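Commentary on secondary and tertiary structure
Read off the chains here:
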Amino acid sequence: MGWIRLILALLGLVLAGLVIYWQLIVAEGTYLGPGVVALLYDWSAHVYERIKQFDVGDEQWFLGLPLVRALSLIPAPLVLDVATGTGRLPRALLRQPAFDGRVIGLDLSRRMLRQAVERTAQFADRLTYIWQDARRLPFDDDTFDAVTCLEALEFTPDAREVVAELVRVLRPGGVLLVSNRIGQDARWLPGRALSNEGFEQMLHSFPLEDVKRQSWQMDYDLVWAIKTGRPQGGGVRPLVEIARCPACRGQLNREARGLRCQDCGCDYPIAEDGVIEMIGKRAR
Amino acid sequence: MVDQDLLEILRCPYCVSGETRKPGDDPGQLQLLHDCWLVCQEPDCDRKYPIRDGIPVMLIEEGDKWASLSIEALPVPPPSE
């Protein structure tokens, strides 16, 4: 019965191949632990951009432009991109002429970050990368005006744990942008990919409001949300930080009775009713 | 790029997140040493995170590696991976 054994052996090989394909290519190592996911991304970092073929127009339309609009009222917004990979989101955002803030990108794969540094060199003065796990974000609570995490949650052991961290470092009133896995492959990610209902339910278990789902790609929907609570930080900054001398655009210091320009020495009194009088009588 | 703005918001991941979060308003503050080490200021933590090629390595395992070493004994610059 030699041929039966041969067929069984062949079947076994095909099966093993399918399992390996499923575990490493479809699931990107998620069932084998975050270490394996990072290792696979380390290995493929140099071809990642070639595989993804990001379209500049799509990136601007779906990511850069809507984020800038959502942040438009905040001067110099601070944005955190978790699982930043090759710096896709920082690029989309910093290419927007209207964006005047800073971006911090964090990833578990060191080699992806190396690609990111190279591919975003032109924005280096407004961009910082950090090597760390998404499950333990190295920032204080209520820090960022926007927190993003794209095409990554389903490859973490527990999406809820990561979202908890994203929400923790987001300031009240800040913008959360994440993606949910959909499409054919999602069924091969049991326990990882969530249904649209399950994903939104999970988000609603956090202090988030205004949760909105938006079609994006074959494999992903975008989901936007706002952290509940009274907005603080971000746009609300000390006046001396944002106010400038109308005469010379110098920085202003707070004095006993008003504001004084560091550069030209002009004084701007604060009237009894609290109005800062920048026109009218100007004393030296 | 690691500058003052970043230092103001960066914290030790062990002391700021999860079940190991330390008490207090703003736990896990870091001090920058020699422009290439971030040292956790929590009394019983001692984790130290190297900055390699301008990228802070904020992995908890990396911080553990240098916890037993005194601040004076830290290599400058930190050895590569």
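Here the structure is shown first, and the text comes after it.
Given the structure is predicted, the values throughout are model-derived calculations rather than measurements.

**With respect to the overall build of chain B**
Across its full length, chain B carries three helices and four strands. The C-alpha radius of gyration computed for chain B amounts to 12 Å, which stays within 12% of the reference 12 Å derived for 81 residues, consistent with globular compactness. For chain B, the C-alpha atoms occupy an extent of roughly 30 × 30 × 20 Å along the three principal directions. Residue burial in chain B is summarised as follows: out of 81 residues, 48% are buried. Sequence separation of at least 24 residues holds for 34% of the intrachain contacts in chain B that already meet a minimum separation of 6. Mean positive and mean negative side-chain charge positions of chain B (7 and 16 charges, respectively) differ by 5 Å.

**Details of the pairing of strand E6 (residues 208-215) of chain A**
Residues and elements named next belong to chain A. Inspection of the sheet shows E6 paired to strand E7 (residues 220-227) by six bridges, in the antiparallel sense. Within E7, the residue paired with Ser215 across the bridge is Asp221. A loop of four residues connects E6 with E7, the two strands running antiparallel in sequence.

**Topic: a nonpolar patch on the surface**
All names here are of chain A. Residues Met1, Trp3, Ile4, Ile7, Leu8 and Leu11 make up a contiguous nonpolar surface patch of about 690 Å² in total accessible area. Along the chain, the position of Ile7 falls in helix H1 (residues 2-26). Overall, the relative accessible area of 42% leaves Ile7 in the partly exposed class.

**Section: the pattern of salt bridges**
All names here are of chain A. For the coordinates displayed, the defined rule picks out 26 salt bridges over all chains. Across the salt bridge formed by Arg91 and Glu49, the nearest N and O atoms sit 2.6 Å from each other. One end of the pair, Arg91, is in helix H4 (residues 88-94); the other, Glu49, is in helix H2 (residues 34-52), with 42 residues separating them in the sequence. Across the pair, exposure class does not vary: Arg91 and Glu49 are buried alike. As a salt-bridge pair, Asp221 and Arg213 come within 3.2 Å of each other at their nearest N and O atoms. Among the residues examined, Asp221 registers a relative accessible area of 4% and is labelled buried. Where salt bridges share partners, they join Lys52, Glu59, Arg88 and Glu151 into one cluster.

**Observations regarding the sheet that holds strand E4 (residues 144-149) of chain A**
All names here are of chain A. Ordered by their spatial adjacency, seven strands build an open sheet running E3-E2-E1-E4-E5-E7-E6, and the pairing between neighbours is mixed. If you trace the sheet from one side to the other, it starts and ends with strand E3 (127-131) and E6, each paired once. This sheet shows a mean twist of 15 degrees between the axes of neighbouring strands, independent of strand direction. For strand E5 (residues 170-181) and E7, the ladder comprises seven bridges, and the chain directions are antiparallel. Bridged to Val175 within E7 is Ile226. Here helix H6 (residues 159-169) sits on the sheet in contact with strand E1 (78-82), E4, E5, E6 and E7, set at roughly 150 degrees to E5. Across the sheet, helix H7 (residues 196-204) is in contact with E5, E6 and E7; its angle to E6 comes to roughly 155 degrees.

What counts and how
Residues numbered from 1 in each chain as written. Chains lettered and ligands numbered in written order. Predicted model: local features only at pLDDT ≥ 70, side-chain atom pairs only at ≥ 80, totals over all residues. Heavy atoms only, no water. Helix = DSSP H or I, 4+ residues; strand = E, 2+ residues; numbered from the N terminus. Rg over C-alpha atoms; globule rule 2.2 N^0.38 Å. Buried < 20%, exposed > 50% of the residue type's maximum accessible area, 1.4 Å probe, protein only. Contact = heavy atoms within 4.5 Å. Lys, Arg positive; Asp, Glu negative; His and termini not counted. Charge placed at Lys NZ, Arg CZ, Asp CG, Glu CD. Pairing = 2+ DSSP bridges. Patch = residues over 30% accessible without salt bridge, like charges linked within 9 Å, V, L, I, M, F, W, Y side chains within 5 Å. Areas by Shrake-Rupley, 256 points an atom, 1.4 Å probe, with all protein chains shown as cover. Salt bridge = Lys/Arg side-chain N within 4 Å of Asp/Glu carboxyl O. Axes fitted to C-alpha atoms, helices over the stretch in contact; angles between N-to-C directions.

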